[in-house]
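Structural overview for review
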Amino acid sequence: IYKINMDDDNDINNNIQNMNNLNEECIHAVQCGELNKVITLILHKGVSVNTIDINNCSLLHWGAINQRYNICKFLIYNDANINIIGGDFKETPIYL
């Protein structure tokens, strides 16, 4: 019989919440043009270059919307999906 350890469930929930917080932090960093923070979150904290928000806007969408060209170049160089569809207009970042 396998005994369920509730601490394991708490650890999993905490890890998920922590990742959600890091994703939100990265989206905000892209919007504000904080390239060094974006680099740290993606390369060292495990945030995906294809992170999306609740409107399906990716980091690349937010970089394009806010004219954060250095961040867009970094994301594309690190294999961000340039064809991801998202946002209110259901478009790819290229059309923004």
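The following paragraphs examine the structure supplied in this document. In this convention, every chain numbers its residues from 1, walking through the sequence in written order. Thresholds applied to this predicted model are a pLDDT of at least 70 for local features of residues and 80 or more for the giving and counting of side-chain atom pairs; totals over whole chains, interfaces and linings are not thresholded and use all residues. Side-chain calculation: all heavy atoms of the structure are included, whereas hydrogens and water are not.

Attention now moves to the overall build of the chain. In this description a helix means any DSSP run of H or I spanning at least four residues, a strand means any run of E spanning at least two, and both kinds are numbered starting from the N terminus. For the chain, the helix and strand inventory stands at four helices and zero strands. When the helices and strands of the chain are placed in sequence order, the string is α-α-α-α. Relative accessibility under 20% of the residue-type maximum defines a buried residue, over 50% an exposed one, and the middle range a partly exposed one, all with a 1.4 Å probe and only protein chains included. Counting across all 96 residues of the chain, residues that qualify as buried make up 32%. Whether two residues are in contact is decided by their heavy atoms, any of which lying within 4.5 Å being enough. Considering only intrachain contacts with a sequence separation of at least 6, the fraction spanning at least 24 residues in the chain is 59%. Residue burial considers only the protein chains on display, and all accessible areas are found by Shrake-Rupley using a 1.4 Å probe. Taken as a whole, the chain presents about 6,700 Å² of accessible surface, with 51% of it coming from carbon and sulfur.

On to the nonpolar core, then. Cys26, Val30, Val38, Ile42, Val47, Leu59 and Leu75 are the most contacted members of the largest nonpolar core, which has 19 residues in total. Counting residues per element, the ones that place at least two in this core are α1 (6-32), α2 (35-43), α3 (59-65) and α4 (69-77). Of all the elements, α1 adds the most residues to this core, at five residues. Only buried residues count toward a nonpolar core. Its members are Ala, Val, Leu, Ile, Met, Phe, Trp, Tyr and Cys residues joined through side-chain atoms within 4.5 Å.

Turning our eyes to something else, we now look at unusual backbone geometry. For Gln67, which is not glycine, the phi torsion reads 55° and is therefore positive. For Gln67, the location among the structural elements is in the loop between α3 and α4. Notably, Lys90 is not glycine yet its phi reads approximately 50°, a positive angle. Mapped onto the elements, Lys90 comes out in the segment after α4. By relative accessible area, which is 60% here, Lys90 ends up exposed.

Another point: the side chain of Asn23. One can find Asn23 in helix α1. Ignoring sequence-local partners within four residues, the contact set of Asn23 consists of Val47 and Thr51.

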